Structures are given as structure tokens and as C-alpha cells.
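# Results of the structural survey
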Amino acid sequence: GAGVSQSPSNKVTEKGKDVELRCDPISGHTALYWYRQRLGQGLEFLIYFQGNSAPDKSGLPSDRFSAERTGESVSTLTIQRTQQEDSAVYLCASSPERVNQPQHFGDGTRLSIL
Amino acid sequence: GQSLEQPSEVTAVEGAIVQINCTYQTSGFYGLSWYQQHDGGAPTFLSYNALDGLEETGRFSSFLSRSDSYGYLLLQELQMKDSASYFCAVRGALENRDDKIIFGKGTRLHILP
């Protein structure tokens, strides 16, 4: 596609439910990143993929968070048993390769936990 | 540890010049990037410095001094549309780990008419 696409754009759910966020990177981009941004805050690195592998999962806040990528394309970020502190905008970015390449961001998924 | 420091807010007048500083501390270093984010929007890439010196792209310039672990973004001929948050990001290395990208908390730039 022309840019990074994320869905849904907004998600409201009850505490304790599971949610799945989707990211479609720019075609051909091998690196894919997930970030969390709380209101008025910076970008918190969660995880990145090189191809379908995730060399660095150190940013995932807890074992309730998981992510996968298939076909060196679409990625999903899953949050299980959501908590109110999970409320944030979840941003996905992709780049042609990992080193020295600018990241192209999607518009994010705004997640609200009631 | 590793960290990035940048001012939380900066205010400047339309048509003026403003500099946003970023200092970093990482175990290794591969480059400093700058991103712009308007309210409700996605971050967009502005510039990247891997070597010391100044990189110029139109009204925006970015500077890096690796010996000082310091960089800045310079915005000239400020326009109202430049009102946004600006993030520095460092690609650094942790001991015994692959490198990772660390973003600063962002600098909110207010432009006054």
C-alpha cells in the first residue's frame, strides 16, 4: 500500500477483554515496529520485527502483551485481559531495513479500556 | 542506563528561529533521528545524523556532536504549521544485546503570531 495502515483506528473495550490490533506495513519493508504512546507522552518502544522474527521483545510491558508477524507483512499486537493502564495510542511503523532507515508510521489505534 | 533528554516545551515567534536540543546516553550509538508529530497525527520523519555535523533540509537542520552526546534540531522561518511535538530518537546498543531505538519524551513547540 501507499502507507502504513492500522486497524481499527479506535477501539473501546471493557477491562479484562482481549484486544487485537493490526498493522499493514508498506509493501517491501522488512522492519516493523510497535510503540505505545500515552496522552501527552513520548513513544514507548514495545517490539520490533525483522522479517517475521522479533529479535527484541524487551519493551513488552508484561506477558499479557504479545505480537506476531506473518509473511513478512501483516503484524498483530494482542493484549490479553486488558487493564485500564493499557489505554493509549498504539503506533506501528515500518522501514525498508533496520539500520539507518527512517520509520514510516501509521495513524495508530486509539485504545480505551473502560 | 540509557536516556534521552529534551525540553518539554519551547515557545517561539512566527518567522523566528528555534533550536530544540537533545542529549543522550546509550551504551553504543548508531545515529540520531528527529520526528515531528502534530496533535492526533502520526510521527513523521524529519532528519537523521550518523556523523558529526549539520544536515540541512529546507527550513530544518539537524546537528550532531557524538563526542558531546548531543544534537539539536534547528527550525528557521517558523510558520504556524510548525506547531507540533518534536521527538529525538537514538539508535543505540545495550550490552550483550542488539541495538534498539529509544525515543525522547518530545518537545512541544508553540508558535506565537
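Heads up: these notes are all about the structure in this document. Note that this is a predicted model, so its numbers are computed, not measured. (Residues numbered from 1 in each chain as written. Chains lettered and ligands numbered in written order. Predicted model: local features only at pLDDT ≥ 70, side-chain atom pairs only at ≥ 80, totals over all residues. Heavy atoms only, no water.)

## Digging into the pattern of salt bridges
Residue and element names in this part refer to chain A. Here is the rule we go by: By definition here, a salt bridge exists when the distance from a side-chain nitrogen of Lys or Arg to a carboxyl oxygen of Asp or Glu is within 4 Å. For the exposure calls, accessible area comes from a 1.4 Å probe over protein chains only, and a residue counts as buried if that area is under 20% of its type's maximum, exposed if over 50%, partly exposed in between.
Summed over the entire model, instances satisfying the criterion amount to 6 salt bridges over all chains. For D24, the salt bridge is made with R22, and the minimal N-O distance between the two is 2.8 Å. Residue classification places D24 among the partly exposed residues on the basis of a relative accessible area of 22%. As a salt-bridge pair, E44 and R36 come within 3.0 Å of each other at their nearest N and O atoms. The class for R36 is buried, based on a relative accessible area of 5%.

## Side note on the interface of chain B and chain A
Stated precisely, the cut-off is as follows: Any two residues whose heavy atoms approach within 4.5 Å at even a single point are treated as in contact. What gets called buried area is simply the loss in accessible area from a 1.4 Å probe that two parts show on being joined, summed for both. Here a polar contact is recorded for every N or O atom pair within 3.5 Å, except that within protein the pair must consist of a potential hydrogen donor and a potential acceptor, and residues adjacent in sequence are included only if both atoms are side-chain atoms. Note on conventions: DSSP H or I runs of at least 4 residues are helices, E runs of at least 2 residues are strands, and numbering of each starts at the N terminus. Three classes are used: nonpolar for Ala, Val, Leu, Ile, Met, Phe, Trp, Tyr, Cys and Pro, charged for Asp, Glu, Lys and Arg, and polar for all others, with Gly counted as polar.
Between chain B and chain A, the residue contacts involve 17 residues of the former and 21 residues of the latter. Buried surface at the junction of chain B and chain A, both sides included, amounts to about 1,600 Å², of which 52% is carbon and sulfur. It is B:R91, B:I101 and B:F103 that lose the most area in chain B upon contact with chain A, and together they represent 30% of the buried surface on that side. For the pair chain B and chain A, the number of links is 0 salt bridges. The tally of links from chain B across to chain A stands at 2 residue pairs in polar contact (both at pLDDT 80 or more). Sorting the residues of the side of chain B that touches chain A by element identifies β4 (28-37), β5 (44-49), β9 (84-93) and β10 (99-103) of chain B as the ones contributing at least two each. At 4 residues, β10(B) tops the list of elements feeding residues into the side of chain B that touches chain A. Split into classes, the residues belonging to the side of chain B that touches chain A amount to 9 nonpolar, 2 polar and 6 charged.

## Focus on the packing of aromatic side chains
Centre-to-centre distance and the angle between the planes together describe a pair of aromatic rings. All names here are of chain A. Our working rule: Pairing of aromatic side chains requires ring centres within 6.5 Å, counting the rings of Phe and Tyr and the six-membered ring of Trp. Pairs whose planes differ by under 30 degrees are stacked, by over 60 edge-to-face, and all others tilted.
Per the stated rule, a full pass over the model turns up 12 aromatic pairs over all chains. Measuring from ring centre to ring centre gives 5.6 Å for Y35 and F105, while their planes differ by 35 degrees; the resulting arrangement is tilted. Within this pair, whereas Y35 is found in strand β4 (residues 31-37), its partner F105 is found in strand β10 (residues 104-105), the two being separated by 70 residues in sequence. Both residues of the pair, Y35 and F105, belong to the buried class.

## Some details on the environment of A:V89
Residues and elements named next belong to chain A. Position of V89 relative to the elements: it lies in strand β9 (residues 88-95). Along the chain, V89 and K15 lie 74 residues apart, while their C-alpha atoms are 16 Å from each other. Residue contacts for V89: discarding those within four places in its chain leaves Y35, R36, Q37, G108, T109 and R110.

## Thoughts on the nonpolar core
Note the cut-off: Note on terminology: a nonpolar core comprises buried Ala, Val, Leu, Ile, Met, Phe, Trp, Tyr and Cys residues joined through side-chain atoms within 4.5 Å.
Of all hydrophobic cores here, the largest spans 22 residues; its most connected members are B:W34, B:L75, B:Y86 and B:L109. Elements that contribute at least two residues to this core include exactly β2 (9-13), β3 (18-25), β4, β7 (60-65), β8 (70-75), β9 and β11 (107-112) of chain B. Beyond its immediate stretch of four places on either side in the chain, B:L109 contacts B:V10, B:V18, B:L75, B:L78, B:D82, B:S83, B:A84 and B:Y86. Judged by nonpolar contacts, the second largest core, of 20 residues, contains A:F65, A:L77, A:Y90 and A:C92.

## Quick look at the state of the cysteines
Our working rule: Only a pair of cysteine sulfur atoms within 2.5 Å qualifies as a disulfide here.
Tallied over the full model, the rule gives 2 disulfides over all chains. There is a disulfide in this structure between A:C23 and A:C92, and the S-S distance comes to 1.9 Å. Residues A:C23 and A:C92 are joined by a disulfide whose S-S torsion is about -65 degrees; by sign, that bridge is left-handed. You can see A:C23 sitting in strand β3 (residues 19-24) and its partner A:C92 sitting in strand β9, a full 69 residues away along the chain. There is no split in this pair, since A:C23 and A:C92 are both buried. Put simply, B:C22 and B:C88 are joined by a disulfide, and their sulfur atoms are 2.2 Å apart. Judged by the torsion about the S-S bond (75 degrees), the B:C22/B:C88 disulfide is right-handed. Of this pair, B:C22 sits in strand β3 while B:C88 sits in strand β9, and the two are 66 residues apart along the sequence.

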